[in-house]
Amino acid sequence: MEAPSLSAATPSAALLGAPETYSPTPGRGIGSAPGDAGLPGPEPPYSVFTVLVVTLLVLLIAATFLWNLLVLVTILRVRAFHRVPHNLVASTAVSDVLVAALVMPLSLMRELSAGRRWQLGRSLCHVWICFDVLCCTASIWNVAAIALDRYWTITHHLQYTLRTRRRASALMIALTWALSALIALAPLLFSWGEVYDAGLQRCQVSQEPSYAVFSTCGAFYLPLGVVLFVYWKIYKAAKFRFGRRRRRAVLPLPATVEVKETPHEAEMLFTARCQPAVTFQANGDFWREQKEKRAAMMVGILIGVFVLCWIPFFVTELISPLCACSLPPIWKSVFLWLGYSNSFFNPLIYTAFNKNYNDAFKSLFTRQR
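In this text the structure is predicted, and so the values were computed from the model without any measurement.

## A short note on the pattern of salt bridges
One pass over the full model with this rule turns up four salt bridges. As a salt-bridge pair, arginine 116 and glutamate 111 come within 3.2 Å of each other at their nearest N and O atoms. Just as arginine 116 is buried, glutamate 111 falls in that class too. Residues glutamate 194 and arginine 122 are paired through a salt bridge, measuring 3.2 Å at the closest nitrogen-oxygen approach. Of this pair, glutamate 194 sits in the loop between helix H4 (162-189) and strand E1 (196-197) while arginine 122 is found in helix H3 (residues 122-155), placing the two residues 72 residues apart along the sequence. Among the residues examined, glutamate 194 registers a relative accessible area of 45% and is labelled partly exposed.

## Focus: the packing of helix H2 (residues 86-112) against helix H8 (residues 329-340)
Relative to each other, H2 and H8 sit at 165°, their axes nearing to 12 Å. Of the possible angle classes, the one that applies to H2 and H8 is roughly antiparallel. Crossing hand, H2 versus H8: left-handed. Residues Val99, Val103, Met104, Ser107, Leu108, Arg110 and Glu111 of H2 form the contact with H8, whose own contacting residues are Ser333, Leu336, Trp337 and Tyr340.

## Examining the packing of H8 against helix H9 (residues 342-352)
Relative to each other, H8 and H9 sit at 25°, their axes nearing to 5 Å. Overall, the two elements H8 and H9 adopt an arrangement that is roughly parallel. Seen from H8, the contacting residues are Leu338, Gly339 and Tyr340; seen from H9, they are Asn342, Ser343 and Phe344. In the contact of H8 with H9, the residues fall into three nonpolar, three polar and no charged.

## Considering H8
Taking 1.5 Å as the rise per residue, H8 with 12 residues should run 16 Å; its terminal C-alpha atoms sit 17 Å apart, in good agreement. Residues of H8 that are buried include every one of Lys332, Ser333, Phe335, Leu336, Trp337, Gly339 and Tyr340, and no others.

## Let's talk about the packing of aromatic side chains
With the rule as written, the count across this model stands at 18 aromatic pairs. With centroids separated by 6.3 Å and ring planes inclined at 50°, the aromatic side chains of tyrosine 211 and phenylalanine 214 adopt a geometry described as tilted. Here tyrosine 211 and its partner phenylalanine 214 are both found in helix H5 (residues 209-249), three residues apart, which amounts to about one turn of the helix. Overall, tyrosine 211 belongs to the buried group, its relative accessible area being 1%. Among the aromatic side chains, those forming a connected cluster through ring pairs are Phe220, Tyr221, Phe306, Trp310, Phe313 and Phe314.

Procedures and definitions
- Residues numbered from 1 in each chain as written.
- Predicted model: local features only at pLDDT ≥ 70, side-chain atom pairs only at ≥ 80, totals over all residues.
- Heavy atoms only, no water.
- Salt bridge = Lys/Arg side-chain N within 4 Å of Asp/Glu carboxyl O.
- Buried < 20%, exposed > 50% of the residue type's maximum accessible area, 1.4 Å probe, protein only.
- Helix = DSSP H or I, 4+ residues; strand = E, 2+ residues; numbered from the N terminus.
- Axes fitted to C-alpha atoms, helices over the stretch in contact; angles between N-to-C directions.
- Parallel < 35°, antiparallel > 145°, perpendicular 65-115°, else oblique.
- Left-handed = near helix turned anticlockwise from the far one by under 90°.
- Contact = heavy atoms within 4.5 Å.
- Nonpolar A, V, L, I, M, F, W, Y, C, P; charged D, E, K, R; others polar.
- Expected span 1.5 Å × (residues − 1).
- Phe/Tyr/Trp six-rings, centres within 6.5 Å; stacked < 30°, edge-to-face > 60°.

Spelled out as structure tokens, the structure:
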């Protein structure tokens with residue numbers, strides 16, 4: 001966050017090249033020579049690096065919004081996607097679209113202001129923080145829901161029927177958004193810390209230590225534990241099932257079949273009737289094995305990217321209020337936008353491993369032409 005020694009009257013247009021006047025109070029000027037702390041000086045214009053970073057962030061926002069919107073439109077227009085697990089994918093896309101449309105643009109505006117100050121007022125600050133926590137938490141829990149659905153599909157595929165799967169997915173989606181809303185609205189409902197400081201023009205998630213523990217555990221560490229445990233179980237179950245199928249495939253024929261003498265006609269009848277069934281079963285097992293491998297790989301990559309994107313931000317969010325310390329603002333910004341980028345990677349991952357989405361995208365654009 002901002003250094004407390006900066007003047008609260010620093011204009012927000014510092015990065016835009018507007019003049020910035022420092023307070024004449026001794027000790028207020030950071031990095032200024034003795035005797036010139038009260039001298040105003042023009043702020044240099046944007047550097048090439050700043051322009052490049054802002055351009056990349058704008059492109060990230062646009063790509064995140066358009067890609068998740070494309071996934072939503074495809075799910076709505078293709079009837080085959082009106083079922084599990086595509087409803088979980090749709091819930092994830094909704095949360096990621098809201099992150100790109102409502103959260104990331106205002107966050108970029110705050111990054112462009114001097115000292116990362118918030119100049120849009122208290123009310124809009126509360127709205128922005130609520131949507132930030134709500135949508136990011138929902139996106140994280142939707143990843144956990146997709147992992148749980150895949151786990152039950154692989155390990156309990158006989159008991160986890162289509163009807164059960166529909167009910168479970170609907171319940172997970174409802175719990176995801178309810179828990180996310182609770183975490184987002186808790187500071188307002190229970191006066192759990194303050195998110196806006198008018199004097200410093202600061203808008204941030206409540207730094208109350210108890211809320212920091214509650215929000216970080218509920219929004220990240222709990223779903224992180226769920227997805228890591230689930231993927232470990234998926235890996236063990238898949239490894240066991242694939243190994244058992246391979247052992248079954250190389251088993252020799254029973255000795256009774258090899259030495260048993262049968263008439264030629266009976267042998268031909270056995271071959272004609274049983275070989276197609278055996279071949280169909282082998283092909284079906286191979287197809288199911290490849291499908292489960294692809295799904296397990298998709299969940300693994302989804303979880304890995306989720307962890308890499310969000311763990312730096314939530315580690316600092318948990319530690320900073322507890323130790324009353326703070327990272328430099330540049331690193332807080334890097335960690336925050338790294339977490340936002342997870343909303344861009346989510347649709348890329350679960351569509352790259354599903355050929356049906358690629359075919360649906362091509363069909364959608366072909367019809368438009």
